Amino acid sequence: MDVRAKVFAEYQSVEELRELLDKFRGERLLHIGSGSNLLFTGDFNGVVLHSAMRRARCTNEDAEYVWIEADNGLVLDELIDQLCDMGISGLENLSYIPGEVGASAVQNVGAYGVEAKDVIDSVRALKISDGTERIFTNAECKYGYRDSIFKNDLRGLYVITHVTYKLNKHFEPKLDYGNLRSEVDEHPTPMAVREAVIQIRKQKLPEVSELGSAGSFFKNPIVPHEVYNNIAARYDRVPHFEQDGGIKIPAAWLIEQCGWKGKSLGGARCYEKQPLVLVNAGNATPDDIINLAAAICADVKEQFNITINPEVNYI
Ligand code: EPU
């Protein structure tokens, strides 16, 4: 999106972050990672903060686990590449997800059967109002599907500065999602799983550098059994996954049934290889994306009586 912020400020240390928070107190603040899950609906009349802290370190180790603390501004995929290179496992299924460590712990990013919360031990965060530091255990982060306390009760109140991952030294590959198992050897290394995940993602998802998108635009809905049964009575082979609390139906399938796959509205397009992704086909305005998302939501609601909710954060 061609939008502007009043100020963009980057910091190199937690001390510098504190100084920036003091300097801009009273302004509208938005801390971003690489912005890969944001939709700016217009110019941002405030201060956009971004971390230039990009290191990781081992903070503890025992016979089974290694604890890695990463700075918020480190690109998640760079961290995963380094870990896989050292044979340290746990994050390899999250390979090639765009974004940085701090934001990935807010959003609880997930792919191929793994979510960030599965390996996050704790996060360190700075309270925006007074600059004090607090460590949140995994449980205190109240993680859910693409969800955490930082998107709910504590929204806008803390900046996550560091994330500590507890990673297994003994590799137990997680290969049950989709066709991942068939893409690797019987005893793959973490790097082999990483490479397979990257290949699969490249086949389905647009390269952000070539075609702007925010990844999956909507979350997959989890519906009561009776809603699923009604749909299954009307359609052949409805893809579905049993979950705690109901049945997950892929939003991609619902959107495709509504005929949106590959269709455009203004400069925005429902991606032809994965309809859960909305892309900027060249010169989309924020309104083009907003209107396309709203039209898709309305059709899914009308055809299936299911409300699909955006995964993307509207700013
Ligand atoms: N499907 C269709 N038509 C399509 C594509 C998919 O009907 O054109 C149906 C199929 O039944 C398929 C199912 O959707 O089996 C699931 O598709 P896919 O494996 O691509 O996963 P997804 O549920 O659409 C989720 C995440 C992705 C993540 C993949 C793989 C959400 C919102 N999205 O997508 O995450 O990469 O699983 O784990 O949960 C993201 O969050 O930005 C993201 C890309």
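The rules behind each value
Residues numbered from 1 in each chain as written. Predicted model: local features only at pLDDT ≥ 70, side-chain atom pairs only at ≥ 80, totals over all residues. Heavy atoms only, no water. Pairing = 2+ DSSP bridges. Helix = DSSP H or I, 4+ residues; strand = E, 2+ residues; numbered from the N terminus. Contact = heavy atoms within 4.5 Å. Axes fitted to C-alpha atoms, helices over the stretch in contact; angles between N-to-C directions. Buried < 20%, exposed > 50% of the residue type's maximum accessible area, 1.4 Å probe, protein only. Domains from an automatic or database assignment. Buried area = accessible area lost by both parts, 1.4 Å probe. Salt bridge = Lys/Arg side-chain N within 4 Å of Asp/Glu carboxyl O. Polar contact = N/O pair within 3.5 Å; in protein donor to acceptor, adjacent residues only side chain to side chain. Nonpolar A, V, L, I, M, F, W, Y, C, P; charged D, E, K, R; others polar.

## Re the sheet that holds strand 12 (residues 212-216)
Point 1. Taken together, the 4 strands give an open sheet; going across it, the order is 12-18-17-16, and neighbouring strands pair in antiparallel fashion. Each edge of the open sheet is held by one strand with a lone partner, namely strand 12 and strand 16 (264-265).
Point 2. As paired elements, strand 16 and strand 17 (residues 268-270) share 2 bridges and run antiparallel to each other. Directly across from Leu 265, in strand 17, lies its bridge partner Ala 268.
Point 3. Set on the sheet, helix 7 (residues 286-304) makes contact with strand 16, strand 17 and strand 18 (277-280); between it and strand 17 the angle comes to about 30 degrees.

## Details of the pairing of strand 18
Each regular strand displays side chains that alternate between the two surfaces of the sheet.
Point 1. Side chains Val 277 and Val 279 project from strand 18 onto one buried face, and the interleaved Leu 278 and Asn 280 project onto a second face that is buried too.
Point 2. The sheet contact formed by strand 17 and strand 18 spans 3 bridges and is antiparallel. Opposite Arg 269, over in strand 18, you have Val 279 as the bridge partner.
Point 3. Joining the antiparallel neighbours strand 17 and strand 18 is a turn of 6 residues.

## What about the domain arrangement of the protein?
Point 1. If you check the domain split of the protein, you get domain 1 (5-51), domain 2 (56-203) and domain 3 (210-314).
Point 2. Taking only C-alpha atoms into account, the centre of domain 2 sits 26 Å from that of domain 3.
Point 3. If you look at the interface, domain 2 gives 6 residues, while domain 3 gives 5 residues.
Point 4. Both sides together, the interface formed by domain 2 and domain 3 hides about 580 Å², and carbon and sulfur atoms give 36% of it.
Point 5. For domain 2, the biggest contributors to the area lost against domain 3 are Gln 107, Tyr 145 and Arg 146; these three give 64% of the whole.
Point 6. Close ionic contact of Arg 146 with Glu 311 constitutes a salt bridge, the shortest N to O distance being 3.1 Å.
Point 7. For the interface between domain 2 and domain 3, the tally reads 3 residue pairs in polar contact (both at pLDDT 80 or more).
Point 8. Classifying every residue of the side of domain 2 that touches domain 3 by side-chain character gives 1 nonpolar, 2 polar and 3 charged.

## A look at the pairing of strand 9 (residues 120-127)
Point 1. Pairing of strand 9 with strand 11 (residues 158-168), which is carried by 7 bridges, proceeds in the antiparallel orientation. Counterpart to Ile 120 in the pairing with strand 11 is Tyr 165.
Point 2. Adjacent in sequence and paired antiparallel, strand 9 and strand 10 (residues 133-137) are bridged by 5 residues, among which Gly 131 carries a positive phi angle near 75 degrees.

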